[in-house]
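Secondary and tertiary structure notes
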Amino acid sequence: MKKTVKILLFAILVFALCLAVCGCAAKNTDESADKQESKAEKTPKIETIDSVKCKLERVDESITDENGNVGVSWFFDKLVIEDSNPAAKIINADMEQKTSEFFADSKRQEITEYFNNIYDSQYNQAFLNTAEGEVSYNSNGIISVSYVQDWFMGGVHNRNYDGCTYDLNTGGRLSLADLLSGSEAEVLTSIQNVYWDAIVEHYSSGDLFDEARATFEAKTLDDYKFFVGEDGEIYLIADTYEFANGAAGAYVFASGLL
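Just so it is clear, the model here is predicted, and its values are computed rather than measured.

Some details on the overall build of the chain
A count of helices and strands for the chain gives six helices and nine strands. Considering the chain as a whole, with its 258 residues, one finds that 36% of them fall into the buried category. A sequence separation of at least 24 residues applies to 61% of the contacts in the chain between residues at least 6 apart. Surface exposure of the chain reaches about 15,600 Å², of which carbon and sulfur atoms provide 51%.

Here it is, written out as structure tokens:
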């Protein structure tokens, strides 16, 4: 009988210890969960920027003649991100730099000489050094601006194209290697595969320079000018005189690459 009682008491003691251990474990689990929830609440969520409010601000330093007429139309459309976040500040600073380069003292001296020595009010149009911009893409954390650039100083009127593309979350400029998947070598091959065929198809054989193919093969990935279109497609650019005579002009085409 005593032995039975001892066994019963031992069993009750073991059972009580098990309950205590389970209770502590449950308490620790609850406390751990509470700590994780508290930590999650305190950790700030990183919000990514998809698109921004922006504008193109025209910086105009046109020159007028003695009659008050515009003798040289000279302007640059500067992208301005209307936000104060760090990325926006970086983009705006870069655009300020591009604007300064467009109105550089060396260019100012060149244009002033053209105006003083060649311009005559009898011209039917003003001389031109303009960069007219358009926000071509503003989505998925990317903003891209395309530019139409006109140059006319009394001789041939040249028109070229350019683009600037930025990461809205870092403020950095985006390259083709940033936008397309694959290594830089793979991206360059993808570009080359569409670029030369487009050039040959667009320009007649009589317009192409003899060294056109060599010029193409010498281009590095950073040499390709581009912008992103509203559909997210990359548009590539060939400058006037780059592959063909001036009369053939510049060429902008959809690459088919997204």
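Concerning the pairing of strand 8 (residues 234-238)
In terms of residue burial, strand 8 counts as a mostly covered element, since four of its five residues are buried. Bridge count between strand 8 and strand 9 (residues 251-254): four bridges; the pairing is antiparallel. Residue pairing across strands places Tyr-235 opposite Ala-254, the latter belonging to strand 9.

Structural notes on the sheet that holds strand 9
Pairing in this open sheet of three strands is antiparallel, and the strands run 7-8-9 from one edge to the other. This sheet does not close on itself; its edge strands, each paired only once, are strand 7 (225-228) and strand 9. If you compare each strand with its neighbour and ignore which way they point, the axes differ by 25° on average. Summarising the sheet, strand 7 and strand 8 pair through four bridges and their orientation is antiparallel. Across the sheet, the residue bridging to Phe-226 is Leu-236, located in strand 8.

Focus: a negative patch on the surface
Side chains of Glu-132, Glu-134, Glu-230 and Asp-231 sit close together on the surface and give a patch of like negative charge. Note that Glu-132 resides in strand 4 (residues 127-139).

The rules behind the values
- Residues numbered from 1 in each chain as written.
- Predicted model: local features only at pLDDT ≥ 70, side-chain atom pairs only at ≥ 80, totals over all residues.
- Heavy atoms only, no water.
- Helix = DSSP H or I, 4+ residues; strand = E, 2+ residues; numbered from the N terminus.
- Buried < 20%, exposed > 50% of the residue type's maximum accessible area, 1.4 Å probe, protein only.
- Contact = heavy atoms within 4.5 Å.
- Areas by Shrake-Rupley, 256 points an atom, 1.4 Å probe, with all protein chains shown as cover.
- Pairing = 2+ DSSP bridges.
- Axes fitted to C-alpha atoms, helices over the stretch in contact; angles between N-to-C directions.
- Patch = residues over 30% accessible without salt bridge, like charges linked within 9 Å, V, L, I, M, F, W, Y side chains within 5 Å.
- Salt bridge = Lys/Arg side-chain N within 4 Å of Asp/Glu carboxyl O.
- Lys, Arg positive; Asp, Glu negative; His and termini not counted.
- Charge placed at Lys NZ, Arg CZ, Asp CG, Glu CD.

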